[in-house]
Amino acid sequence: MVGSLKQARIAFVEAPIGRLVNLLVILAVLYVIFILAMKVVGQGPSYFLQILTFGVANGAIYALVALGYTMVYGIIELINFAHGDLFTLGGFISVFLLPIFGLDASKAGTAGIILPLLAVFIVTMLICGAINVSIERVAYRPLRRAPRLAPLITAVGMSFVLEGVMFLWKGPFNVPYPNLLPTTGFVIGGATIGVKDIFVIVVAGILMVVLALFVSRSRLGKAMRATAQDQDATELMGIDINRTIAATFFIGAVLAGAGGTIFGLYYNTMVFDLGFSAGLFAFTAAVFGGIGNIQGAALGGLLIGLITALWDGYMESTWTQVIIFAILILVLVFRPTGLLGMRVPEK
Amino acid sequence: MTDRGAAPPGAQAGDGAILRIDHVTKRFGGLVAVDDVTFDVKKGEIFALIGPNGAGKTTLFNGITGIFPPTAGRIVFQGREITGAKPHQVAAFGIARTFQNIRLFEYMSSLDNVRLGQHCRMHAKLWDSLFKTPAEHREEQRVTDRAMELLQFVGIEQYTHIYARNLPYGSQRRLEIARALATNPALLLLDEPAAGFTPQEKVELMGLVHKIVDQGVTVFLIEHDMKVVMGVSRRIVVLDHGEKIAEGTPEQVRRDQRVIEAYLGTQH
Amino acid sequence: MKRLLSRLGSILERDPRKDPNAVVFLLLTFGVIAFPIAIQIVTRGSGSFLISQAADAGVYVLLAIGLNVVVGFAGLLDLGYAAFFAIGAYTYAFIASDHMEFTPIHQAIHIPFWIALLVGMFAAAGAGAILGAPTLRLRGDYLAIVTLGFGEIVPRLFRNASTWTSGVNGISALDTPALPIWLNGPWSGDAFAIVQNFKIIDPLAYYVIMAILVAISVVLVNNLRRSRMGRAWMAVREDEVAAAAMGVNTVGVKLLAFSIGAAFSGFAGTFYGAKLSLVSPENFGFTVSITILIMVVLGGMGNIPGVIVGALLIYYVIFNILPGLPQQASDFANSIGATSLNSPSGDWPGLAGEVQRLKYLIFGLILVLTMLLRPQGLLPSRQRAEELQKGVHEDTTIEDVNAEAT
């Protein structure tokens, strides 16, 4: 009897079968890494460097989107399914804004694009923020005290609404995005590191540093962290919960809008349902790093970007999405707190 | 409460202790909520755990019932170690509980709340439920009868078909006790059962607790109200800041210097 | 049989004003029986297509009933429900066609339809259990995301593993289901005769079988709802900690709900594959999962008749109204003289094209508006109605009293 109880004490993954599963998963992961490593060695260092560059740039974009997921989850424990679509919307809005600010392919690569592009960035980010705040006000706030299922379903619905709006706007086609950034680059060790790559990494990096400073230093950032800990207590301290949550949605959307614009400038194409898989990738990144954890989201984004690039570059790219989603499931099953740990304790 | 059915498996008299808390410690991060606490609850008694707010009383209950397993130490129930067992296993072993902030199934009727309490004493398998086999039918009947009996026992039979959330406050506390009794426990843990009660209701509650003990169920309660505790229990353990500071009869505890300090120091 | 009659009797005896569900059940039963007859009369005997479509709708009804166990009863959000549908359909394709001859096995497998139905069901339930066992310990919203990931993986797996599944082409020429015995008669245009090994090709036969399967499912799920398990699901949905403290193995009962839902999906998938005689990885995407979720949410989570009505309604909208809408819209524009609306320019694809693109928006709006305005759905279960309208956390009175006490 005591023996069976001792077993009961042991959680699922540590039970004998679970241990076998653990072992098999680790072996499988090691096998995949081994195969990948063999291919990397076989293809030589310059190709690897190229893939790495691509992966870091890609990862920077995922990180921007992942931050929105992680902040909203951190504060109201909602998986905001619509967040990925806000990212796409950012791209769509900026492609609409470009001609208004006098930007078209003829100005590509000139120094004259810097200021208008900055304006496009800011306007896009503000519009995205405003849209997200409205969504929160209309769709999520009334459900804050409802059973958990309700806001989750609403978020899925909101994702479809946003996709539906973009579908009506541009249809099922790829939307071309003007190639504005210089196409030049530096050759280092046989790999070309483009101005585009540097642009993506630098812009995303600046945004993330600003965000990190904001959350750790500003009043609003402190209010956010307090709200994430305990809403009721925070309210008693005289902090406006609704404003704090709205601000979180605003900041998340600002980053997503920037991410969408960067994506457009980098890949020069968008499509209305891009946010579905990109959002899921970014969510995977957020979970990978430890949801609720801002540094974690950045790290997770980088890793997901690298894994995507490595798989695309060395293995069959049709399997890339399967791999990412498998990572999502495995992380949730074996390490739900992610790499850097959750800031929000499990209830 | 005529037929309590078979005693839970593994029931044994032993040395008279039904529950043994053996050097139990619970830490949350750096905070020590329960610090190396040891005591016994004897079979058939009404045992009380008291202490000021934040003394670690509910944490200890959560440790016993497997909601937050202790960091160190052992919990022995009826001669068998249950440290770290899952909450539903603990219930199946014969420990039932109520909650400080009433946790009823608000959108289930009182009847269904009590029937749910008998979940772990039922045998219907998926097959029986799917096809409503005669055995399942009989069991449902039995469970319903027993539930009605328990509602009557705690005195809220008039609310049988009312949603739990719509019951008056005092009846909700009683319903929680009925639901806990439905699991057919040998030990009943009551977490501040008299919280928010009027003096009249408190007297009635003490009567109910005595009735429960008369049925052969050991009662282990946490209480804030010293009057209730002194009136109902023979033995008391006092916690303060997670440490046991006194143990004994109500008279002994009342005279204990540390207890007086703990209460006067924090409460008044 | 006797119990069935008494059950029917008890439904009739219930005061319909108090139990609108009984009325809905009766109307549905009547409608299912009357539908093929009415169709044949209205279309003068050429209503086969509509009857066949109604049988297809039955597949969605089954799916919705199954998802309702997961979402409505146990309160778990499954966003990859179509994955189990795919597993059921592909299982049938593997074990009831010549396809296996073209895979490394080099040996066609032909399992009779009715056994294959069970195999498909258990394959899906097994997949559900394997996915659910480790993940159901996590918080509820993590399950949503895990199932979403799973729902994306499975169709891609079927598409990419082309050695086994012939990839994007899918698998075709699946075995036609057969009944061991069938009665021919005037309804099939024959004389009365008992036929052995009857191949089900006639839409009406599909319709009848579908109706019977749905009826059986409704009875079984209804039994479950009113059993020990049903109570445990409700309890877990409302308060997991309290349920566990009362002796409910929360992971176990959630796993059961999840697997039963998956079993339904696999069952429906097998039927779907057999009727279509074709499976393709494109038929099991995220939109399918969402479609079923919409059926359940709109109909009324937790309420079986509500969910059936929701499934039929959404099916009708998606497969009958939406496809005809673009044409109607452009006709309408022409009739009011706004012909310029119909000519594409720039991003504007013409009115017909634009209307064709409405599906996503409509899906999204149904979900959002239902949750905001009528979270209990069109035909709510009494319990879920109060729960979803008033919210679980609104226990103000209790907290007030506590605050005074401490």
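Here the structure is a predicted model, which means the values were calculated and not measured.

Cut-off values and rules
Just so you know, the residues in each chain are numbered from 1, in the order the chain's sequence is written. To label them, take the chains in the order written and letter them from A, then take the ligands in the order written and number them from 1. Only residues with pLDDT of at least 70 get local features here, since the model is predicted, and only at 80 or more are side-chain atom pairs given and counted; chain-wide, interface and lining totals rely on the full set of residues. Values shown for side chains rest on all heavy atoms present in the structure; no hydrogens or waters enter the calculation. Each helix corresponds to a stretch of at least 4 residues labelled H or I by DSSP, and each strand to a stretch of at least 2 residues labelled E; elements are numbered beginning at the N terminus. Only the C-alpha atoms count toward the radius of gyration. The rule for a globule is 2.2 Å times the residue count to the power 0.38. The cut-offs for exposure are 20% and 50% of the maximum accessible area for each residue type, with area from a 1.4 Å probe on protein chains only; residues under the lower value are buried, those over the upper are exposed, and the others partly exposed. By definition in these notes, contact holds between two residues if any of their heavy atoms fall within 4.5 Å. Surface accessibility in these figures is a Shrake-Rupley result with a 1.4 Å probe; residues are shielded only by whichever protein chains are displayed. Positive residues here are Lys and Arg, negative ones are Asp and Glu, while His and the chain termini are left out of the count. All charge positions are set by atom: Lys at NZ, Arg at CZ, Asp at CG, Glu at CD. The rule is simple: put a 1 Å grid over the protein atoms alone, call a set of points where a 1.4 Å probe fits but cannot get out a cavity, call an open set with protein on both sides within 12 Å along at least five of seven lines a pocket, and count a residue as lining if it has an atom within 4 Å of a point. Grid points are joined across faces, edges and corners, and a volume is the space filled by probe spheres set on the points. When residues are sorted by character, Ala, Val, Leu, Ile, Met, Phe, Trp, Tyr, Cys and Pro go into the nonpolar class, Asp, Glu, Lys and Arg into the charged class, and all the rest, Gly among them, into the polar class. Paired strands are those between which DSSP finds at least two bridges. For every element, the axis is a line fit to its C-alpha atoms; helices are fit only across the contacting stretch, and the angle between N-to-C directions ranges from 0 to 180 degrees. One side-chain nitrogen of Lys or Arg within 4 Å of one carboxyl oxygen of Asp or Glu is enough to make a salt bridge. Any N or O atom pair separated by 3.5 Å or less is treated as a polar contact, with the protein-specific requirement of one donor-capable and one acceptor-capable atom, and with residues adjacent in sequence counted only for side-chain atom pairs. The term buried area refers to how much accessible surface (probe radius 1.4 Å) is lost by two components on association, counted for both of them together. Every residue gets a pLDDT, meaning the predictor's confidence in that residue, from 0 to 100. What goes into a patch is any residue over 30% in relative accessible area without a salt bridge, connected to like charges within 9 Å or, for nonpolar side chains (Val, Leu, Ile, Met, Phe, Trp, Tyr), within 5 Å.

A few words on the overall build of chain B. Scanning chain B from N- to C-terminus turns up 10 helices and 10 strands. Its C-alpha atoms give chain B a radius of gyration of 19 Å, near enough to 18 Å, the size a compact globule of 268 residues would have. Referenced to the eigenvectors of the C-alpha coordinate spread, the extents of chain B come out at roughly 60 × 40 × 35 Å. Across the 268 residues in chain B, those meeting the buried criterion constitute 61%. Considering only intrachain contacts with a sequence separation of at least 6, the fraction spanning at least 24 residues in chain B is 69%. Element-wise, carbon and sulfur atoms account for 53% of the exposed surface of chain B, whose accessible area totals about 10,700 Å². A distance of 2 Å separates the average location of the 32 positive side-chain charges in chain B from that of its 31 negative side-chain charges.

Our focus in this paragraph is the overall build of chain C. A tally of regular secondary structure across chain C gives 17 helices and 6 strands. Split into buried and exposed, the 406 residues of chain C put 56% on the buried side. Summarising the internal contacts of chain C: among those between residues at least 6 apart in sequence, 70% fall at separations of at least 24. Only carbon and sulfur atoms are counted for the fraction: they give 65% of the accessible area of chain C, which is about 17,100 Å².

Next up on the list: empty space enclosed by the protein. This model, assessed by the stated rule, comprises 5 cavities of 30 Å³ or more. When its volume is computed, the largest cavity comes out at roughly 120 Å³. Of all the elements in the fold, those that place two or more residues in the lining of the largest cavity are helix 4 (83-100), helix 6 (149-170) and helix 11 (274-289) of chain A together with helix 6 (140-160) of chain C. A total of 5 residues in the lining of the largest cavity trace back to one element, the largest contributor, which is helix 11 of chain A. In terms of residue class, the lining of the largest cavity is made up of 10 nonpolar, 4 polar and 1 charged.

Here we come to the sheet that holds strand 6 (residues 95-97) of chain B. All names here are of chain B. Taking strand neighbours across the sheet as the criterion, the 6 strands line up as 6-7-8-3-9-10 in an open arrangement whose pairing is mixed. Only two strands of the sheet have a single neighbouring strand rather than two, namely strand 6 and strand 10 (243-248). For this sheet, the mean angle separating the axes of adjacent strands, direction not counted, is 20°. By the bridge criterion, 4 bridges tie strand 3 (residues 46-50) to strand 9 (residues 235-240) in an arrangement that is parallel. Looking at strand 9, one finds that Phe47 is bridged to Arg235. The sheet contacts of helix 1 (residues 57-64) involve strand 3, strand 6, strand 7 (187-191), strand 8 (218-222) and strand 9, and relative to strand 8 the element is tilted by about 140°.

In this section: the side chain of Asp128(B). All names here are of chain B. Relative to the helices and strands, Asp128 resides in helix 4 (residues 126-131). Lys125 provides the closest opposite charge to the buried, unpaired Asp128, separated from it by 6.5 Å. At 3.0 Å, the side chain of Asp128 and the side chain of Thr133 are in polar contact.

Here the focus is unusual backbone geometry. All names here are of chain B. Here the phi dihedral of Gln78 falls at roughly 50°; this positive angle occurs in a residue that is not glycine. Positive phi values are uncommon outside glycine, yet Asn184 reaches one of about 60°. Its location among the elements puts Asn184 in the loop between helix 6 (169-182) and strand 7. Of the residues examined, Asn184 reaches a relative accessible area of 13% and is grouped as buried.

Attention now moves to the interface of chain B and chain C. Listed per partner, the contact involves 41 residues of chain B and 39 residues of chain C. Both sides together, the interface formed by chain B and chain C hides about 3,800 Å², and carbon and sulfur atoms give 61% of it. The three residues of chain B that bury the most area against chain C are Tyr107(B), His119(B) and Lys132(B), which together make up 20% of that side's buried surface. Counting every contact that joins chain B to chain C gives 2 salt bridges. Across the salt bridge formed by Asp239(C) and Arg103(B), the nearest N and O atoms sit 2.8 Å from each other. Going through the elements one at a time, helix 2 (87-93), helix 3 (110-117), helix 4, helix 5 (134-154) and helix 6 of chain B are the ones with two or more residues in the side of chain B that touches chain C. The element contributing the most residues to the side of chain B that touches chain C is helix 6 of chain B, with 5 residues. When grouped by side-chain class, the residues that make up the side of chain B that touches chain C number 20 nonpolar, 10 polar and 11 charged.

Here chain B averages 87 in pLDDT, and 93% of its residues register 70 or above. pLDDT under 50 marks residues 1-14 of chain B. Its contacts with residues more than four places away, or in other chains, come to 23 contacts.

A few words on a nonpolar patch on the surface. Residue and element names in this part refer to chain A. Together, Ile17, Leu20, Val21, Leu23, Leu24, Ile26, Leu27, Val29, Leu30, Ile33, Leu330 and Phe334 make up an exposed nonpolar region whose accessible area comes to about 1,100 Å². Secondary structure elements with two or more residues in the nonpolar patch: helix 2 (16-43) and helix 13 (320-334). If one sorts the elements of the nonpolar patch by residue count, helix 2 sits on top with 10 residues. Relative to the helices and strands, Val21 is located in helix 2.

Attention now goes to the interface of chain C and chain A. Across the boundary between the two partners, chain C contributes 49 residues, which contact 54 residues of chain A. Between chain C and chain A, the buried area comes to about 4,700 Å², and carbon and sulfur atoms account for 76% of it. Joining chain C to chain A, the criterion identifies 0 salt bridges. At the level of secondary structure, the elements contributing two or more residues to the side of chain C that touches chain A comprise helix 5 (113-135), helix 6, helix 12 (286-299), helix 15 (359-373) and helix 16 (382-390) of chain C. Grouping the amino acids of the side of chain C that touches chain A by side-chain chemistry returns 31 nonpolar, 8 polar and 10 charged.

For the rest of this paragraph, the subject is the side chain of Gln172(B). Residues and elements named next belong to chain B. Position of Gln172 among the secondary structure elements: in helix 6. Under the relative-accessibility criterion, Gln172 is labelled buried at 3%. Separated by 2.9 Å, the side chain of Gln172 and the backbone oxygen of Ala164 make a polar contact. Polar side-chain contacts of Gln172 include one of 3.4 Å to the backbone oxygen of Arg165.

A few words now on the sheet that holds strand 4 (residues 72-77) of chain B. Residues and elements named next belong to chain B. In space, the 4 strands of this open sheet follow the order 2-1-4-5, with antiparallel pairing throughout. Single-partner strands in this sheet number two, and they are strand 2 (31-42) and strand 5 (80-81). Here 2 bridges tie strand 4 to strand 5, and the two strands are oriented antiparallel to one another. Its bridge partner lying in strand 5, Val76 is registered against Glu81.

Taken as a whole and assessed by the stated rule, the structure comprises 23 salt bridges over all chains. Notably, a salt bridge pairs Glu140(B) with Arg231(C), separated by 3.2 Å at the nearest N-O pair. One end of the pair, Glu140(B), is in helix 5; the other, Arg231(C), is in helix 9 (residues 228-238), on a second chain. Judged by relative accessible area, Glu140(B) falls into the buried class, the value being 11%. A salt bridge links Arg235(B) to Glu247(B); its shortest N-O distance comes to 3.0 Å. A residue pair is termed long-range when its members are at least 10 positions apart, and Arg235(B) in strand 9 and Glu247(B) in strand 10 qualify at 12 residues. Residue classification places Arg235(B) among the buried residues on the basis of a relative accessible area of 17%. Counted as one network, the salt bridges with shared partners bring together Glu45(B), Arg235(B), Lys244(B) and Glu247(B).

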